[in-house]
Amino acid sequence: MVANSAAGTAERVRALQAALPQAELVECRPSDMRAELEKAATHARVLGVCGGDGSVNAAAEVALRHGLPLAVLPGGTLNHFAYDLGVEGVNDLGRAIRGGEAVRVDVGRFRSAGTQGIFVNTCSLGVYPELVRVRDHWSKRIGGWPAGVLAALRVLRADRHPLEAEFGGRTRPLWLLFVGNGTYHRVGLAPGRRLDLADGQLDVRVVHGGRRPATRLLAAALAGPLTRSPAHAAVQVGRLRLTGVAPGTLLAYDGEVTEVTDEVTLEKLPEALTVYRPLPGS
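A brief structural summary. What you see as residue numbers is a count from 1 along each chain, following the sequence as written. Local features in a predicted model are, by the rule used here, given only for residues with pLDDT of at least 70; side-chain atom pairs are given and counted only at 80 or more, and totals for whole chains, interfaces and linings are based on all residues. Just so you know, side-chain values use all the structure's heavy atoms and leave hydrogens and water out.

1. Notes on the overall build of the protein chain
For clarity, the cut-off: The helix and strand labels rest on DSSP assignments: H or I over at least four residues marks a helix, E over at least two residues marks a strand, and numbering proceeds from the N terminus. Think of it in three bands: with a 1.4 Å probe and only protein chains considered, a residue is buried below 20% of the maximum accessible area for its type, exposed above 50%, and partly exposed in between. Contacts are assigned to residue pairs with any non-hydrogen atoms lying within 4.5 Å of each other. All accessibility values rest on the Shrake-Rupley procedure with a 1.4 Å probe; residue burial counts only the protein chains present in the view.
Within the protein chain one finds eight helices and 15 strands. Put simply, the protein chain has 282 residues, and 46% of those count as buried. The long-range share in the protein chain, meaning contacts at least 24 apart out of those at least 6 apart in sequence, stands at 67%. Accessible surface for the protein chain amounts to roughly 13500 Å². Of this, 51% is attributable to carbon and sulfur atoms.

If you want it as structure tokens, here you go:
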């Protein structure tokens, strides 16, 4: 179990050591997470990670390459993947590991001009990656929540143009392209929880270009079911290909940000990853 020490995981790690005394635990800084995960994968029977969604993304990528099952203990600000698995703490994960309770789940993958990566939660283009970049810039100075508010104000008030990309045979202006690894269940723009992590679907949600992004996104959030609003649309597909994406366009995935250009392919890797989760009634 590799734990991100910056995520305030010390208490959870001690509790896990008591619940699973034979587990090998390593605490490290965020900059050392990937190296420690790679080191652990060379001799682990199960690769574990304790941290937020960014740490989980790194662990999932390592587990996939090494063919290892993954054990996820929530330990960051955002823990969407763990919570959708039904793992909310040490007791849930300990029970699943001791009982050998595991399932296979889908993984999302993006590729663009030599850049590729996976996502276990979401992937997006448009204003959201910029919001993540601004939030991360300020979070160390003023804290995560104030930084998120400041980032939203700056990004949504900025005089900017929507992203343009071609998909479905048409070039379209977009304020936001959201892609979920599995179908999210909630009305409005913001995603909720996933009930099935192996449904073979990418949950694609689009906020069309037009007026300023704040107006469009607010309209999308208040409109109710996505399919009933002219400001946005939703569809479930197994694969999505975008072309004509401008160089340097930001793409956010599981809280991380990278740059893409020209052609972006988003696809599913069905049931590619084995993860521990407590089974109903266990």
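Back to the text.
2. A few points about the environment of Ala-82
Mapping Ala-82 onto the fold places it in helix 4 (residues 80–85). Spatially, the C-alpha atoms of Ala-82 and Gly-52 are 9.1 Å apart, while their sequence positions differ by 30 residues. In this structure, Ala-82 is in contact with Val-72, Pro-74 and Val-87, ignoring residues within four places of it in sequence.

3. Describing the pairing of strand 9 (residues 170–181)
Under the convention used in this document: Criterion used throughout: strands pair if DSSP finds at least two bridges between them.
Note: strand 7 (residues 122–126) against strand 9, five bridges, orientation antiparallel. Residue pairing in the sheet places Ser-124 in a bridge with Phe-178 of strand 9. Sheet topology note: the strand 8 (residues 163–167)/strand 9 ladder contains five bridges and is antiparallel. The residue bridging Glu-166 from the neighbouring strand is Thr-171, located in strand 9.

4. A few points about the pattern of salt bridges
One side chain can pair with another of opposite charge once the charged atoms of both are near each other. Heads up, the rule is: Salt bridge, as applied in this entry: a Lys or Arg side-chain nitrogen positioned within 4 Å of an Asp or Glu carboxyl oxygen.
Across all of its chains, the model carries 13 salt bridges by this definition. Among the ionic pairs, Glu-267 bridges to Arg-109, the shortest N-O distance being 2.8 Å. On the criterion of sequence distance, the pair formed by Glu-267 in strand 15 (residues 256–276) and Arg-109 in strand 5 (residues 102–112) is long-range, its members being 158 residues apart. Owing to a relative accessible area of 9%, Glu-267 belongs among the buried residues under this scheme. The residue Asp-203 makes a salt bridge to Arg-205 at a minimum N-O spacing of 2.9 Å. Note on Arg-205: relative accessible area 5%, which makes it buried. Bridged by salt links that share partners, the residues Arg-34, Glu-38, Glu-61 and Arg-65 form one connected network.

5. Some thoughts on the nonpolar core
Here is a general trend for soluble globular proteins: nonpolar side chains tend to be buried in one another's company. Note the cut-off: Note on terminology: a nonpolar core comprises buried Ala, Val, Leu, Ile, Met, Phe, Trp, Tyr and Cys residues joined through side-chain atoms within 4.5 Å.
By size, the foremost hydrophobic cluster in this structure holds 40 residues, and its most contacted members are Leu-37, Leu-47, Leu-70, Phe-81 and Leu-273. Sort the elements by how many residues they give to this core and helix 3 (residues 53–66) lands first, with six residues. Every residue in contact with Leu-70, bar those within four places of it in the chain, is listed here: Leu-47, Val-49, Ala-59, Ala-60, Ala-63, Leu-273, Thr-274, Val-275 and Tyr-276. By size, the runner-up hydrophobic cluster in this structure holds 21 residues, among which are Phe-119, Val-204, Leu-251 and Val-260.

6. Description of the layout of surface pockets
Quick reminder of the rule: The rule is simple: put a 1 Å grid over the protein atoms alone, call a set of points where a 1.4 Å probe fits but cannot get out a cavity, call an open set with protein on both sides within 12 Å along at least five of seven lines a pocket, and count a residue as lining if it has an atom within 4 Å of a point. Grid points are joined across faces, edges and corners, and a volume is the space filled by probe spheres set on the points. Classification convention: Asp, Glu, Lys, Arg as charged; Ala, Val, Leu, Ile, Met, Phe, Trp, Tyr, Cys, Pro as nonpolar; all other residues, Gly among them, as polar.
Quantified by volume, the second largest pocket comes out at close to 550 Å³. Along the walls of the second largest pocket sit 20 residues, with Met-1, Gln-22, Ala-23, Glu-24 and Val-46 positioned nearest its centre. Put simply, the parts of the chain that give the lining of the second largest pocket at least two residues each are strand 3 (47–51) and helix 5 (90–98). Partitioned by chemical class, the residues of the lining of the second largest pocket number 14 nonpolar, three polar and three charged.

7. Details of the side chain of Asn-181
How we decide: In protein, a polar contact means a hydrogen-donor-capable atom and an acceptor-capable atom, both N or O and within 3.5 Å, with residues adjacent in sequence counting only if both atoms are side-chain atoms; elsewhere, any N or O pair within 3.5 Å suffices.
Tracing the sequence through the fold places Asn-181 in strand 9. Judged by its relative accessible area of 1%, Asn-181 falls in the buried class. At a separation of 3.1 Å, a polar atom in the side chain of Asn-181 contacts the main-chain carbonyl oxygen of Asp-106. From its side chain, Asn-181 meets the backbone oxygen of Val-120 in a polar contact 3.0 Å long. Beyond its immediate sequence surroundings of up to four residues, Asn-181 is in contact with Asp-106, Val-107, Gly-108, Phe-119, Val-120, Asn-121, Arg-194, Gln-201 and Lys-268.

8. Quick look at helix 3
Heads up, the condition is: Under the convention used throughout, the expected extent of a helix is 1.5 Å for every residue step, that is, one less than its residue count.
For helix 3, which comprises 14 residues, the first-to-last C-alpha distance of 20 Å matches the rise-based estimate of 20 Å (1.5 Å per residue) to within 8%. Considered for burial, the residues of helix 3 that qualify are Asp-53, Ser-55, Val-56, Asn-57, Ala-58, Ala-59, Ala-60, Val-62 and Ala-63.

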